[in-house]
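Observations on the three-dimensional arrangement
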Amino acid sequence: HDRGAQLAAVVLTSVKLEVLDLGFNRITTGGIKALMKSLAENDTLLSLTLSGNPLDTNASKAVSYALAYNKSLRALYVDNCSVGYAAQRHITAGIVSNSQLSLRVITGFHIGAIAVTLGLPSALENWTNEQVLKFIRLMWDRRRHDQESMKQRNDQPNNTGVLLSSAKNDNTATKNTTQPDGTSPKHEKQKVGPSDPATVVAAAKSAFASLGDAGGAILHSEPNQREQSDGSPLVPSDAIMLEKTLSGTVRVPKFDNEGCSEDDSLGVSSLHMSTDSLSVTNLRSSAMHPEKQKKMELPIDPTRKKRNVEWLRQHFFSLNEVAQLPFNHADLWKLHQYFFSPIESS
């Protein structure tokens with residue numbers, strides 16, 4: 001199993017993958033370390049699934065290292081990984097210290113409460129993972145903005161003695177344009193890697209203070225989730241949604257003015273098709289009992305239908321991931337034992 005993880009690590013260095021699912025592959029610490037080393041240097045991977053692979057303290061340190069350096073990953077799934085408290089602290093520390101973080105989704109444990117133990121504002125303890133990740137990105141964006149503003153203020157010359165200072169430094173500036181070997185001086189590179197704890201805490205406190213009384217309320221919505229769900233491969237671009245009418249025919253569903261027809265986000269109001277060719281009566285078995293036919297023709301609650309459609313739109317991405325999981329009798333039995341085993345009394 002570690003051999004497969006090591007091969008995946010090699011692939012990450014040569015192939016521009018965007019989604020990698022290694023869930024429930026019994027990968028040990030050795031395989032996780034090899035994979036995380038490649039992830040730290042990768043700039044194309046968007047989603048990584050490690051669910052079902054145990055992450056002990058050593059493996060979590062490797063994950064923390066990768067998350068502190070990676071700039072592209074947007075979703076990390078670590079469900080059922082037996083991530084202990086120490087491991088959670090390592091992973092969260094890597095997340096909060098990455099000033100170039102792109103992460104939007106992380107599952108498996110609540111990072112807000114762990115972030116508080118690292119010195120971040122106590123309000124994060126009650127926030128969702130989505131809110132915490134958005135706050136971390138916000139705090140680093142704010143810090144970069146503050147640093148750029150300060151640099152611009154420092155670069156502005158004083159009105160007194162500008163000409164004298166400029167003339168005095170002409171020769172010095174000319175001399176400094178070349179190195180002793182005749183080459184041009186190199187610009188200072190942007191810092192890569194995790195920020196120190198003091199910087200992280202200072203950036204978090206400053207960003208949290210800028211939120212004011214609103215606190216985490218302004219961090220509730222995450223537009224990219226809606227964008228991912230709309231573009232999910234679960235529903236092909238040429239697919240349509242159908243519903244059965246009381247007369248027994250099939251048609252494209254219609255939404256009221258308060259529903260989705262205003263922005264046509266599902267693209268169904270512009271579709272037209274003949275209901276004659278889609279008659280349910282032609283598809284229905286002639287042996288069906290009349291009472292069952294009456295049950296099928298019950299009126300559809302438009303409010304409930306609209307709510308269900310909206311729910312599907314918001315969860316297309318997650319549902320597609322579940323649909324891609326291979327069926328495994330052992331996993332099914334494991335779930336059965338988990339949910340139906342008697343609770344042990346302390």
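This text goes with the structure placed above it.
Attention in this report is confined to the structure presented alongside it. (Residues numbered from 1 in each chain as written. Predicted model: local features only at pLDDT ≥ 70, side-chain atom pairs only at ≥ 80, totals over all residues. Heavy atoms only, no water.)

**Here we look at the sheet that holds strand β1 (residues 19-21)**
Inclusion rule: Paired strands, in this sense, are two strands between which DSSP finds at least two bridges. Working definition: helices are DSSP H or I runs of at least four residues, strands are E runs of at least two. Numbering for both runs from the N terminus. Axis lines are fitted through C-alpha atoms, for helices just across the contact stretch, and the angle between N-to-C directions can take any value from 0 to 180 degrees.
Read across the open sheet, the 4 strands follow the order β1-β2-β3-β4; overall the sheet is parallel. Since the sheet does not close on itself, it has two edges, and those belong to β1 and β4 (105-107), each with one partner. Sheet twist, expressed as the average angle between the axes of neighbouring strands with direction ignored, equals 5°. Both strand β2 (residues 47-49) and strand β3 (residues 75-77) contribute to a ladder of 3 bridges, which runs parallel.

**Considering the packing of aromatic side chains**
Cut-off, in case you're wondering: Stacked, edge-to-face and tilted labels apply to pairs of Phe, Tyr and Trp rings (six-membered ring for Trp) whose centres lie within 6.5 Å, assigned for plane angles under 30 degrees, over 60, and everything in between, in that order. Only protein chains enter the area calculation, which uses a 1.4 Å probe; residues under 20% of their type maximum are buried, those over 50% are exposed, and those in between are partly exposed.
If you walk through the whole model with that rule in mind, you get 4 aromatic pairs. Measuring from centroid to centroid gives 4.8 Å for Tyr65 and Tyr69, while their planes differ by 45°, and the two rings are tilted. Taken as a pair, Tyr65 and Tyr69 lie in helix α3 (residues 57-69) at a separation of 4 residues, close to a single helical turn. We classify Tyr69 as partly exposed; its relative accessible area is 28%. Ring centres of Trp127 and Phe208 lie 6.2 Å apart, and the angle between their planes is 40°; on these two criteria the pair is classed as tilted. You can see Trp127 sitting in the loop between α5 (111-117) and α6 (129-155) and its partner Phe208 sitting in helix α9 (residues 197-211), a full 81 residues away along the chain. Taking the relative accessible area as the measure of exposure, Phe208 reaches 26% and is therefore partly exposed. The rings of Trp127, Phe135 and Phe208 are connected pair by pair, giving a single aromatic cluster.

**Topic: the nonpolar core**
Note the cut-off: Definition of nonpolar core: a set of buried residues of the types Ala, Val, Leu, Ile, Met, Phe, Trp, Tyr and Cys, connected through side-chain atoms within 4.5 Å. Contacts were defined at the residue level, with two residues in contact if any of their heavy atoms lie within 4.5 Å.
The biggest cluster of nonpolar side chains holds 50 residues, and the ones touching the most others in it are Leu35, Met36, Leu48 and Leu76. Going through the elements one at a time, α1 (2-14), α2 (29-41), α3, α4 (85-96), α5, α6 and α9 are the ones with two or more residues in this core. Among the elements that take part in this core, α6 stands out by supplying 6 residues, more than any other. Apart from residues no more than four positions distant in its own chain, Leu48 is found in contact with Leu20, Leu35, Met36, Leu39, Leu73, Ala75, Leu76 and Tyr77.

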